[in-house]
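Each chain, written out:
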Amino acid sequence: MAAGTFVYVSNAADGDISTYRLEASGDLRAGPRVKAAPVVMPMAVSPDRRFLYAATRAKPYTVFAYAIDRETGALKPVDSAPLAESMPYISLDRAGRFLLAASYGAHLASVNAVAADGRVSPKPVQVVPTGRNAHSIGVDRTNRFVFVPNLGSDQVMQFTFDEASGRLASNTPAAALVDEGTGPRHFVTSSDNRFLYVLGEFTAKVIVFSLDAASGLLTRIGEATGLPADSGLRPGAARGPVVAGGTVPPPDTGKDIWAADIHMTPDGRFLYISERTGDTLAGFGVNQETGLLAYLGSAPTERQPRGFAIDASGRFLVASGEESDTVSVHSIDRESGALGQLGRYPGGKGANWVEIVSFD
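K.L.:
So what exactly am I meant to see when it comes to the pairing of strand β8 (residues 75–82) here?
P.N.:
In regular strands, side chains alternate between the two faces of the sheet. Pairing between strand β7 (residues 62–68) and β8: seven bridges, direction antiparallel. Bridging across to β8, A67 finds its partner in K76. As consecutive antiparallel partners, β7 and β8 are separated by six residues, and within that stretch G73 has a phi angle of approximately 80°, a positive value.

Take a look at the structure:
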C-alpha cells in the first residue's frame, strides 16, 4: 500500500467532490467536500498526479482544475475553463499536455491544451465530429493513438494522435465495428498495449480487440458476458440526456441491461465492470497471453453504480452509486479476483465517478 492513497468521488446532485484517505486496512477516512458546480460528473487525474480535473454537464459546460496535495490529498482550486459541450468523459494524454473530451449529446470529441501549471486552455485545439453518442475517449499507452467508442452507432472510432500539437486525424479505417445493439461505452487498454477492452452498455459484454502496435488499428478477437445466466435482464437501449438532478432515470420495467464502467487491476490479471440495473460488479480473469476473458462472477455493490476505481496496489475497489448515499470499498482477492465488501461510508448525492491517487 502506498504511503498516501486518496479517493475522490464526484457528486452530481450536490455539485461537489468528496475526498477520502484510503487506509491500508481498506477503511475510508472522509476529508472535506470540495465545491465544483451542479452536475459535476467525469473526472481525470494528470499522469504526474499533480492535478485532478472535473467536468460539469450543466450549462455553462466547464472543466475545473484542482491541485492535489501529496501529503494530505486535499484539493486546491487552480482554475476553470469552458468546454465545447456537455462531456460525459474526459481524459489526458500520457504527457498531460492535452485534455481530451467526448460528448454524448453533441456527437463530438474535443482537445484542449493544458499548461504546466495545470490550467486548461479555454479555446479548443480541435473539435472533431464523431458517430452518434460518443461516450469516452482515451489514448493508447504509446500516446500515438486515440479511441472513441460511439454508443449510438456501435463503433469505436480510431484516430492517430500528434502529441506535439494535440491534433487528431482519422485512422484508416476510421472505425472498428461491434455488433448492433452493443452500445460501446468505456474501455481500458492492457498494460502491454496489446489489447483493448470495450464495455457494451446494452449487453454488459466486454468486447476484446487486439491493438496493432504499428498502425494503431483494432481487430476484434473475442467477447465475454458480465452477467450470470439467471440475471433476468434483457438487452438495453440508449437513454436520454442527463437531467437536472444529474442522473438518467431507469426504465419503468427495471429489466434493461445498463452497464457503466470498466477497470483492470494494475497487474493485468483481473478486469471488472459495473451494471446499474442489478447494482452489481462483475469480475473477469484475463489471459495475459491471448487477451481473452473468463467470467468469474458478480457481486452486489452500491445502488446504480455508474463509477468505480481500483487502487494502485490492486487490493481495493471503491464503488459509488448514483442512487446511493454511501460509497463501498471491496477487497480484491489476489489469487481468485473475488470481491469482498469491506465497508460502506457516507457519500454525496448523485455520486457517479471515482478516482484514486497514490503517492509513495
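K.L.:
Which parts of the structure should I look at to understand the sheet that holds strand β16 (residues 168–177)?
P.N.:
Within a sheet, adjacent strands bond to each other through the backbone by hydrogen bonds, running parallel or antiparallel. The four strands lie next to each other as β13-β14-β15-β16, forming an open sheet whose pairing is antiparallel. Strands at the two margins of the open sheet, each flanked by one partner only, are β13 (138–139) and β16. Bridge count between β13 and strand β14 (residues 145–150): two bridges; the pairing is antiparallel. Residue pairing for β14: G138 is matched across the bridge by F147.

K.L.:
Help me understand the nonpolar core in this model?
P.N.:
A general feature of soluble globular proteins is that nonpolar side chains tend to end up buried together. Grouped together as the largest cluster of nonpolar side chains are 34 residues, with contacts concentrated most on Y8 and V146. Counting residues in hydrophobic clusters, the runner-up holds 20 residues, among them L233, L271, I273 and L293.

K.L.:
Would you mind going over the pairing of β16 with me for this structure?
P.N.:
Pairing analysis gives six bridges linking strand β15 (residues 155–161) to β16, with the strands arranged antiparallel. For M157, the partnering residue across the bridge sits in β16 and is A175. Between β15 and β16, which pair antiparallel one after the other, the connecting turn spans six residues, and G166 there sits at a positive phi close to 85°.

K.L.:
Help me out: how do you make sense of the environment of E275 in this one?
P.N.:
Positionally, E275 belongs in strand β22 (residues 270–275). Through-space distance from the C-alpha of E275 to that of W258 is 5.6 Å; in sequence the pair is 17 residues apart. Aside from chain neighbours lying at most four places away, what touches E275 is L227, L233, D256, I257, W258, A259, T280 and P305. A polar atom in the side chain of E275 sits 2.7 Å from the backbone nitrogen of W258. Separated by 3.1 Å, the side chain of E275 and the backbone nitrogen of T277 make a polar contact.

K.L.:
Explain unusual backbone geometry here, please?
P.N.:
Only a minority of non-glycine residues have a phi that is not negative, and only a minority of peptide bonds are not trans. The peptide bond linking K59 to P60 adopts the cis configuration, its omega dihedral lying at -5°. With respect to the secondary-structure elements, P60 resides in the loop between β6 (51–56) and β7. The step from T172 to P173 runs through a cis peptide bond, and the omega angle for that step is 5°. In this fold, P173 is placed in strand β16.

Scoring rules and cut-offs
Residues numbered from 1 in each chain as written. Predicted model: local features only at pLDDT ≥ 70, side-chain atom pairs only at ≥ 80, totals over all residues. Heavy atoms only, no water. Pairing = 2+ DSSP bridges. Helix = DSSP H or I, 4+ residues; strand = E, 2+ residues; numbered from the N terminus. Core = buried A, V, L, I, M, F, W, Y, C linked by side-chain atoms within 4.5 Å. Buried < 20%, exposed > 50% of the residue type's maximum accessible area, 1.4 Å probe, protein only. Contact = heavy atoms within 4.5 Å. Polar contact = N/O pair within 3.5 Å; in protein donor to acceptor, adjacent residues only side chain to side chain.

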